[in-house]
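# Understanding the architecture of this molecule
Residues per chain are reported as follows:
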Amino acid sequence: MAPSTNAVPQERDDAAPFGRMLTAMVTPMTADGAVDYDGAARLAAYLVDHQRNDGLVVSGTTGESPTTTDAEDERLLRTVIEAVGDRAHVVAGVGTNNTVHTLKLARQAEAAGADGLLVVTPYYNKPPQEGLARHFTTVADATELPVMLYDIPGRTGTPIAPETLLRLAEHPRIIAVKEAKGDMFAASRVMAETDLVFYSGDDALNLPWLSLGAAGFVSVVGHVVGADLHEMIDAYLGGDVDRARRIHRRLIPVITAIMTRTQGVIAVKAALSLVGQPGGAVRPPLVDATPEFTAALREDLIAGGVKVLEGP
């Protein structure tokens, strides 16, 4: 499936090169664990047209990338580009702990028509900072696409040191960071000394990140409250901090339910089922949400202002 020939290239705003409100999209699956490509197209359209997402990240952690194949990643990316590439930035998650494999995925994403690359810190093998610098630079050299680094040591075991970010910022295609380690002071230094654009990668800290100059969010809860998060961004950037704070506080039950009680993809696929959108099963070694979890999730979504389907 080729990218839509009717797609209009997204203009890049240097202050928010991938848009301001992005969701790290789940990969919808059928009950037997196959990728539901039709569901992915429907979900992408819902996120852009109804949840006000400026961009989508495909095949990130929430997309269950550790268990999808390269062929599935490519078809999924092309599906999402065809569905929404004319009106949203589509960023491909290509990071692995193998530089050669990451290069293959980066080139595959460029050929499919992605607007950018999300490259996570190599995990498990825990490379030193010099190894990180070489890995990210090699990937950035491999295509003409802009790169967003993904710094999440809670999953990878290795943070990207501020000095490494200062060095990587000199590369013309390394332009952004999805920050999920919560080191706001270090990020402030990097923002002050470079042109790297930061995105909040932790929904609990979305509003604080805006106060430090982050461009926006790469969210998980954006699957069900993306429009609210976009409103928060608009309010904050428009100078209405009180309104932004009220939105943040209203969404606390949603963020708590989805981001703190189990893996985000498990919770958000359950949430999607409650709002009538494609999500489906998760692949092993993850497990689907229990009925008890889903019942509690329903109440938290309602408390946060999310309209859920009628049910028990």
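Residues numbered from 1 in each chain as written. Predicted model: local features only at pLDDT ≥ 70, side-chain atom pairs only at ≥ 80, totals over all residues. Heavy atoms only, no water.

### A few points about the overall build of the protein chain
Looking only at helices and strands, the protein chain features 13 helices and eight strands. The C-alpha atoms of the protein chain give a radius of gyration of 18 Å, which matches the 20 Å a tight globule of 312 residues would have. Overall, the protein chain is about 55 × 45 × 40 Å in size when its C-alpha atoms are taken along their principal axes. By residue count, 54% of the 312 residues in the protein chain fall in the buried class. Here the analysis covers contacts within the protein chain between residues at least 6 apart in sequence; of these, 71% occur between residues at least 24 apart. (Helix = DSSP H or I, 4+ residues; strand = E, 2+ residues; numbered from the N terminus. Rg over C-alpha atoms; globule rule 2.2 N^0.38 Å. Buried < 20%, exposed > 50% of the residue type's maximum accessible area, 1.4 Å probe, protein only. Contact = heavy atoms within 4.5 Å.)

### A closer look at unusual backbone geometry
A cis amide bond links Pro284 with the next residue in sequence, Pro285, at an omega value of 15°. A positive phi angle is found at Ser59, which is not glycine, with a value near 65°. Here Ser59 is to be found in the loop between β2 (55-58) and α2 (70-84). Exposure remark for Ser59: the relative accessible area of 6% places this residue in the buried category. One non-glycine residue, Glu64, adopts positive backbone phi at about 60°. Positionally, Glu64 belongs in the loop between β2 and α2.

### Some points on the pairing of strand β5 (residues 147-151)
For β5, a buried count of five out of five residues is recorded, marking the element as mostly surrounded by other parts of the structure. Residue alternation in β5 divides its side chains into two sets, Val147, Leu149 and Asp151 and Met148 and Tyr150, and both sets are buried. With four bridges connecting them, strand β4 (residues 116-120) and β5 associate as parallel partners. Each bridged residue has a counterpart across the sheet, and for Val119 the counterpart in β5 is Leu149. The handedness of the β4 to β5 crossover, carried by helix α4 (residues 129-142), is right-handed. Across five bridges, the pairing between β5 and strand β6 (residues 174-179) is parallel. When the sheet's bridge partners are listed, Leu149 is paired in β6 with Val177. (Pairing = 2+ DSSP bridges. Right-handed = clockwise from strand over helix to strand, strands pointing away.)

### Some details on the UniProt feature "binding site: pyruvate" (unreviewed entry) in the protein chain
The UniProt feature table records "binding site: pyruvate" (unreviewed entry) at Thr62 and Val218. Spanning 157 residues, the named residues nonetheless gather at one spot, since no C-alpha pair among them exceeds 10.9 Å. Checked against the element boundaries, Thr62 lands in the loop between β2 and α2. With a relative accessible area of 9%, Thr62 lands in the buried category. Dropping the residues within four chain positions of it, Thr62 is found in contact with Ala24, Met25, Val26, Thr27, Val220, His223, Val265 and Val268. Within the element layout of this structure, Val218 appears in strand β8 (residues 216-219). Every residue in contact with Val218, bar those within four places of it in the chain, is listed here: Leu22, Ala24, Val57, Met148, Lys178, Tyr199, Ser200 and Gly201. (UniProt positions renumbered as here; feature names shortened; annotations may be inferred.)

### Topic: the environment of Ser273
With respect to the helices and strands, the residue Ser273 is situated in helix α12 (residues 264-274). Residue Ser273 is classed as partly exposed on the basis of its relative accessible area of 44%. Expressed as a C-alpha distance, the spacing of Ser273 and Val220, which sit 53 residues apart in the sequence, is 15 Å. Separated by 2.5 Å, the side chain of Ser273 and the backbone oxygen of Ala270 make a polar contact. (Polar contact = N/O pair within 3.5 Å; in protein donor to acceptor, adjacent residues only side chain to side chain.)

### Let's talk about the UniProt feature "active site" (unreviewed entry) in the protein chain
Those residues carrying the UniProt feature "active site" (unreviewed entry) are Tyr150 and Lys178 in this numbering. A maximum C-alpha distance of 4.7 Å among these annotated residues, which run over 29 residues, shows that they cluster at one spot. Mapping Tyr150 onto the fold places it in strand β5. A relative accessible area of 7% means that Tyr150 is categorised as buried. Beyond its immediate chain neighbours, meaning those up to four positions away, Tyr150 contacts Thr61, Leu118, Val119, Val120, Thr121, Ile160, Lys178 and Ala180. For Lys178, a relative accessible area of 5% translates into the label buried. If we ignore the near neighbours within four places in the chain, the residues touching Lys178 are Ala24, Leu118, Met148, Leu149, Tyr150, Asp151, Tyr199, Gly201 and Val218.

### So, α4
With 14 residues, α4 extends 20 Å from end C-alpha to end C-alpha; this agrees with the ideal 20 Å at 1.5 Å per step. Buried residues along α4 sit in contact with α3 (99-112), β4, β5, α6 (162-168) and β6. (Expected span 1.5 Å × (residues − 1).)

### Quick look at the nonpolar core
Core analysis: the biggest nonpolar cluster contains 85 residues, and Leu77, Val80, Val84, Leu117, Ile258, Leu297 and Leu301 have the highest contact counts within it. Considering each element in turn, this core owes the most residues, eight residues, to α12. Among the nonpolar cores identified, the runner-up in size contains 18 residues, and Leu22, Val57, Ile175 and Ala176 belong to it. (Core = buried A, V, L, I, M, F, W, Y, C linked by side-chain atoms within 4.5 Å.)

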